[in-house]
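Chain by chain, the residues:
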Amino acid sequence: AERQWMAARLKQCVVRRRDGPEQHGVAASCLRELRDKACGVLAIDKTREPITLVLAEDGTIVDDEDYFLCLPSNTKFVALAKDEKWSSKSLDSGTSWLSESVDEVDSAAEKWKQLARQLKDDLSNIILMSEEDLQVLIDVPCSDLAEELAQSETKIQVLQDTLQQVLDRREEERQSRQLLQLYLEALKTEDSILSKVAETEAAPRKEMDVVDTGTSSTDTSATTALSNQVLAALKEKPAPELCLDSQDLELVLKEDAAALASALGWDKQKVGALQEACDQELSKRLKQVQTLHSLRSTSKGKKTLPWGDWPSAKRKK
């Protein structure tokens, strides 16, 4: 009777490492027991404990016993050793394409089909696309996209309207940031003028030197993993983090600040602000994707986001 009672308490789970393809079945009655058994079957070094368990589907951290007990049997977990962090590469579905190298696309037709396949796998990939990719899908004839995705033209029209809304929101956010920046610069200029007036009341007015906040170096020979297209966007686009896809945002974050400053002809302070903005934008997108995956996992009998539930667009360019 005691053995039967213990067996009834055991929950079947599946565990794996962050970057490892091998999965192991583990039965545990509590979260602590699952951690201990995961360390054993995954051969995690004692020096890298304690581990953190997250849901393999969306990266949700599981550290509450009640939450663990509510999870269904055969839930998949990723075991993160000490100093390891969950990233989009750990997703079991839609966003795994971010970590893969994308082959050169020979034509625009092949590019939109490749983007369409990403949406067919998971509609939440919309959040992670660049502005250029969004525009490509918007420009595709509705009938062609419907045929590629095996959906009705009515649903595809709703999808393209949604893509346009995402594009519009990014542009609105960009304009809001530009207005805020202009306002802050105006405040600085006003303070500077007032301080100069106070200084020159008792002294002859002197010509103000023009201060160049950038660097005089135009050397772009620094080694960088970023493409010329990405570098051009960083230089020319206001709020460039909004126009890049999530894979390019990750590459910008991984770049050495000094090399990036040399490639762009900027000072390190400006590059630091750029990388911080890219980090915030990437984190926001990944949180949105995780939220969608969490909602999807709690919806019974739905393995993909429902095409028919996308809201009708209220505006369209």
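Relevant structure appears above.
Everything numeric in this text was worked out from a predicted model, so none of it was measured. (Residues numbered from 1 in each chain as written. Predicted model: local features only at pLDDT ≥ 70, side-chain atom pairs only at ≥ 80, totals over all residues. Heavy atoms only, no water.)

J.: Looking at this structure, how should I read the overall build of the chain?
T.: From N to C terminus, the chain includes 11 helices and 4 strands. Taking contacts inside the chain between residues at least 6 apart in sequence as the whole, the part at least 24 apart equals 65%. Summing over all exposed atoms, the chain offers an accessible surface of approximately 19400 Å²; the carbon and sulfur share of this is 51%. (Helix = DSSP H or I, 4+ residues; strand = E, 2+ residues; numbered from the N terminus. Contact = heavy atoms within 4.5 Å. Areas by Shrake-Rupley, 256 points an atom, 1.4 Å probe, with all protein chains shown as cover.)

J.: Looking at this structure, I do not really get the sheet that holds strand β1 (residues 11–17). What am I missing?
T.: In a beta sheet, neighbouring strands are held together by backbone hydrogen bonds and run either parallel or antiparallel to one another. An order of β2-β1-β4-β3 is seen for the 4 strands of this open sheet, with the pairing classed as mixed. Each edge of the sheet is formed by a strand with only one pairing partner; in this case those strands are β2 (24–28) and β3 (52–55). Between one strand and the next, the sheet's axes are offset by a mean angle of 40°, whatever the strand orientation. Two elements, β1 and β2, share 5 bridges in a ladder whose sense is antiparallel. Bridged to K11 within β2 is A28. Contacts between helix α2 (residues 31–41) and the sheet are confined to β1, β2, β3 and β4 (75–80), with β2 contributing the most and set at about 150° to the helix. (Pairing = 2+ DSSP bridges. Axes fitted to C-alpha atoms, helices over the stretch in contact; angles between N-to-C directions.)

J.: Honestly, the nonpolar core in this entry has me stumped. Any pointers?
T.: The nonpolar side chains of soluble globular proteins are, as a tendency, buried together. Grouped together as the largest cluster of nonpolar side chains are 22 residues, with contacts concentrated most on L226, L234, L244, V252, L260, L264 and L274. Contributing elements (two or more residues each) for this core: α8 (228–236), α9 (246–254), α10 (257–264) and α11 (268–298). Ranked by residue count, the leading element in this core is α11, at 6 residues. Discounting residues that sit within four places of it in the chain, L234 has contacts with L226, P240, L244, V252, L260, L264, W266 and L274. Among the nonpolar cores identified, the runner-up in size contains 20 residues, and I126, I138, I156 and L167 belong to it. (Core = buried A, V, L, I, M, F, W, Y, C linked by side-chain atoms within 4.5 Å. Buried < 20%, exposed > 50% of the residue type's maximum accessible area, 1.4 Å probe, protein only.)

J.: Whenever I open this one, the packing of aromatic side chains confuses me. Can you help?
T.: By convention here, two paired aromatic rings are described through the distance between centres and the angle between planes. For the structure shown, the criterion picks out 1 aromatic pair. Between F68 and F77, the aromatic rings sit 6.3 Å apart at their centres with planes inclined by 45°, giving tilted as the arrangement. Residue classification places F68 among the buried positions, given a relative accessible area of 0%. According to the relative accessible area criterion, F77 is buried, its value standing at 1%. (Phe/Tyr/Trp six-rings, centres within 6.5 Å; stacked < 30°, edge-to-face > 60°.)

J.: How should helix α6 (residues 142–149) be read in this particular structure?
T.: Each α-helix turn comprises 3.6 residues. Residues three or four places apart therefore point the same way. Of the residues making up α6, those classed as buried are C142, L145, A146 and L149. Within α6, the buried residues cover an arc of 100° as seen down the axis, which keeps them to one side. Downstream of α6 by a residue or two, A150 has a phi angle that is positive, lying close to 55°. (Arc of directions from axis to C-beta.)

J.: Is there a simple way to explain the pairing of β4 in this structure?
T.: Successive side chains on a regular strand alternate, one facing one side of the sheet and the next facing the other. Taking burial as the measure, the 6 residues of β4 include 5 buried ones, the bulk of the element. Sheet analysis places β1 next to β4, joined by 5 bridges and oriented parallel. Pairing of C13 across the sheet is with T75, part of β4. In this sheet, β4 lies alongside β3 in antiparallel orientation, the contact comprising 4 bridges. Of the residues in β4, the one forming a bridge with L55 is F77.

J.: For this particular structure, what's the right way to read the pattern of salt bridges?
T.: Opposite charge on two side chains allows them to pair when their charged atoms are near. Counting across every chain of the model gives 14 salt bridges. A salt bridge links K111 to E132, with the shortest nitrogen-to-oxygen separation between them at 3.2 Å. Taken together, the positions of K111 in helix α4 (residues 108–121) and E132 in helix α5 (residues 131–139) put the pair 21 residues apart, joining distant regions of the chain. Under the relative-accessibility criterion, E132 is labelled partly exposed at 39%. Here R285 makes a salt bridge to E281, at a shortest N to O gap of 2.9 Å. Taken as a pair, R285 and E281 lie in helix α11 at a separation of 4 residues, close to a single helical turn. Take R285 and E281: they sit in the same class, and that class is buried. Each of the salt bridges in this network shares a partner with another, and the network as a whole consists of E173, R177, E241, E281, K284 and R285. (Salt bridge = Lys/Arg side-chain N within 4 Å of Asp/Glu carboxyl O.)

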